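Each chain is listed here by its residues.
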Amino acid sequence: MKVVPSIAFGDFSGSAGDVTARSIGGRTILNHKAYQNKVKSAAQCSSRNTLSKVSRAYKQLTDSQMKAWGALAEHLKGISTFGKAVEMTAHNAFVRINANREMAGEGMLVDAPDYRCDVPEVDWDAIWVTPVRVLFTGIENPTGTYKLVVKMSAGQGAGVSKGWSKTVVVSPGMVDNWGDAALTQLYTKKIGFMPAVGDKVFIELYWLDPATGFVGETMRTTRVCITEEEAHEEGFEERVEFTLDNVSPESHVSKLDIDLSTGAPAISFDTVCLGHSNVASSEVYPEEGIPTSMEGFSYVLARGANGTKITAQSYQVQFIGSYNPRIVLAHRGGYYVKPSEVFGTGVYYK
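Summarised in this report is the structure supplied together with it. The structure presented is a predicted model; accordingly, all values stated were derived computationally and were not measured. (Residues numbered from 1 in each chain as written. Predicted model: local features only at pLDDT ≥ 70, side-chain atom pairs only at ≥ 80, totals over all residues. Heavy atoms only, no water.)

**Remarks on the sheet that holds strand E10 (residues 219–224)**
The four strands are arranged E7-E6-E9-E10 in an open sheet whose pairing can be described as antiparallel. Across the chains shown, the open sheet's two edge strands, defined by having one partner strand only, are strand E7 (168–174) and E10. Ignoring strand direction, the axes of neighbouring strands in this sheet form an average angle of 20 degrees. Relative to strand E9 (residues 200–208), strand E6 (residues 147–152) runs antiparallel, the two being bridged by six bridges. Residue pairing in the sheet places Val149 in a bridge with Tyr206 of E9. Against the sheet, helix H4 (residues 184–191) makes contact with E6, E7 and E9, and its axis sits at roughly 140 degrees relative to E7, the strand it touches most. (Pairing = 2+ DSSP bridges. Helix = DSSP H or I, 4+ residues; strand = E, 2+ residues; numbered from the N terminus. Axes fitted to C-alpha atoms, helices over the stretch in contact; angles between N-to-C directions. Contact = heavy atoms within 4.5 Å.)

In structure tokens form, the structure reads like this:
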């Protein structure tokens, strides 16, 4: 027979079966006994395997290589390369730097990298969190080569003030796109669901130098999830981008990335045009059409993409939003060949 403790025990504390009792302020509180979950997540297993592999690799270094890592560790003791000043050994430095590189998809360094300067903090203009969007805008990448590491939590109650232990790596290292970092898909893939309106999301982010494995100071912030309407009222302006994911498969392109800047009348192209019929042009049919307010055109360079020779060309790209909405990429100069790679940045005229 199982004996279950009760308030009759006065200051009783301890466990009996699945019940735990503790005395607080003269009262005995009963709870179901908590058991530690010994099941490791896929992310935990991957992280531990990486650390184990890197740690084993350190033992294969030569004496001179270990000495160089030791010298680097001595230098790193008093600086905030990893977010705070820490005591560090040669082994610590080797594991931390190579774990960072592995996370960013880079190979392992056996020779200690040269320390040149601290990796800077992350600067941004705005972070938008809605039930359908996670987007960082106005990110300034000082060198253009740093990768952004972002850790985020699932939506927490608005009253939660200490949720940093709940953050997980959403982006192990991404390059911003014209100062924007779109994290919606990465967030839902990692967390499993988007936050609800009113939820608080905890965010940590820092730059990673993939060449050396050094990282900058971790920046911490929080955002409360708001509606899309509230985001637009607060100044959010959605950037227009056309890819193969949001155009009709009948479009005459094999590669498509047309990106309109929100801060300037500029447009970026990275598209391979296949041509159609006997006309020196290709057409793209956006699935959601093109608003008439977006009608305009741009000029951009191109080159032959058939692999035999480089053929310089120029294209006019026109956005038509009225009858039969489409994007027309029309050849305008140079010897026309197809397929043609339309690439670079042009001025957007409305």
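The rest of the description comes next.
**Considerations on the pattern of salt bridges**
Following the criterion strictly, the structure yields 11 salt bridges and no others. Salt-bridge contacts for Lys151 lead to Glu204; the nearest nitrogen and oxygen are separated by 4.0 Å. A residue pair is termed long-range when its members are at least 10 positions apart, and Lys151 in strand E6 and Glu204 in strand E9 qualify at 53 residues. Given a relative accessible area of 25%, Lys151 falls into the partly exposed group. Note that Arg239 is salt-bridged to Asp259, the shortest N-O span being 2.8 Å. Taken together, the residues span a long stretch of sequence, with Arg239 in the loop between helix H5 (228–233) and strand E11 (241–243) and Asp259 in strand E13 (residues 257–260) at a distance of 20 residues. Considered together, Arg239 and Asp259 belong to a single accessibility category, that of buried residues. (Salt bridge = Lys/Arg side-chain N within 4 Å of Asp/Glu carboxyl O. Buried < 20%, exposed > 50% of the residue type's maximum accessible area, 1.4 Å probe, protein only.)

**Focus: the pairing of strand E19 (residues 340–347)**
In this sheet, E19 lies alongside strand E14 (residues 266–273) in antiparallel orientation, the contact comprising eight bridges. Across the sheet, residue Asp270 finds its bridge partner in E19, namely Phe343.

**Topic: unusual backbone geometry**
Note the cis peptide between Lys338 and Pro339, where omega equals 5 degrees. As for its placement among the helices and strands, Pro339 is situated in the loop between strand E18 (326–334) and E19. Located in the positive-phi region is Ser277, a residue other than glycine, with phi close to 50 degrees. With respect to the element layout, Ser277 can be found in the loop between E14 and strand E15 (281–284). Ser277 sits in the exposed class, given a relative accessible area of 59%. In the Ramachandran plot, Asn324 falls in the positive-phi region, its phi being about 55 degrees despite a non-glycine side chain. Tracing the backbone shows Asn324 in the loop between strand E17 (312–320) and E18. Asn324 gets classed as partly exposed once you look at its relative accessible area, which sits at 38%.

**With respect to helix H2 (residues 63–76)**
Its 14 residues place the ends of H2 20 Å apart at the C-alpha level, agreeing with the 20 Å of an ideal helix rising 1.5 Å per residue. Gln65, Trp69, Leu72, Ala73 and Leu76 are the residues of H2 that are buried. Each buried residue of H2 sits inside an arc of 105 degrees when the element is viewed along its axis, so together they form one side. Residues of H2 that are exposed and point more than 90 degrees away from the buried face comprise Asp63, Ser64, Lys67 and Glu74. Contact partners of the buried residues in H2: helix H3 (90–103). (Expected span 1.5 Å × (residues − 1). Arc of directions from axis to C-beta.)

**Some words on the nonpolar core**
Counting 41 residues, the largest nonpolar core has Trp69, Phe136, Leu148 and Tyr187 as its most contacted members. Residues within four places of Tyr187 in sequence aside, it is in contact with Val134, Met152, Ser153, Ala154, Gly155, Val170, Gly192, Phe193, Met194, Pro195 and Val201. In terms of nonpolar packing, the next biggest core, distinct from the first, is built from 21 residues, Leu256, Ile267, Val284 and Ile290 among them. (Core = buried A, V, L, I, M, F, W, Y, C linked by side-chain atoms within 4.5 Å.)

**What to know about the layout of surface pockets**
It is a probe the size of a water molecule, rolled over the atoms, that shows where empty space is left. Its volume calculated, the largest pocket comes out at about 1,200 Å³. In terms of lining residues, the largest pocket is bounded by 39 residues, among which Arg133, Glu238, Arg239, Val240 and Glu241 are the most central. Listing elements by their share of the lining of the largest pocket, those giving two or more residues are strand E4 (126–130), strand E5 (133–137), strand E8 (181–182), H4 and E11. A per-class count over the lining of the largest pocket returns 18 nonpolar, 10 polar and 11 charged. (1 Å grid on protein atoms, 1.4 Å probe; cavity = no way out; pocket = protein on both sides within 12 Å on 5 of 7 lines; lining within 4 Å. Points joined across faces, edges and corners; volume = space filled by probe spheres on them. Nonpolar A, V, L, I, M, F, W, Y, C, P; charged D, E, K, R; others polar.)

**Description of the sheet that holds E5**
Taken in spatial order, the three strands line up as E4-E5-E8 in an open sheet, and their pairing is antiparallel. The open sheet terminates on both sides in strands that have one partner only, identified here as E4 and E8. In the sheet, E5 pairs with E8 via two bridges, with the strands oriented antiparallel. Bridge pairing in E8 places Phe136 opposite Ala181.

**Focus: the packing of H2 against H3**
Remark: H2 packs on H3, axes separated minimally by 7 Å, with the N-to-C direction vectors making an angle of 85 degrees. Relative to H3, the element H2 lies roughly perpendicular. Note on element contacts: H3 touches H2 through Ala90, Ala93, Phe94, Ile97 and Asn98, opposite Met66, Trp69, Gly70, Leu72 and Ala73. In terms of residue class, the contact of H2 with H3 is built from eight nonpolar, two polar and no charged. (Parallel < 35°, antiparallel > 145°, perpendicular 65-115°, else oblique.)

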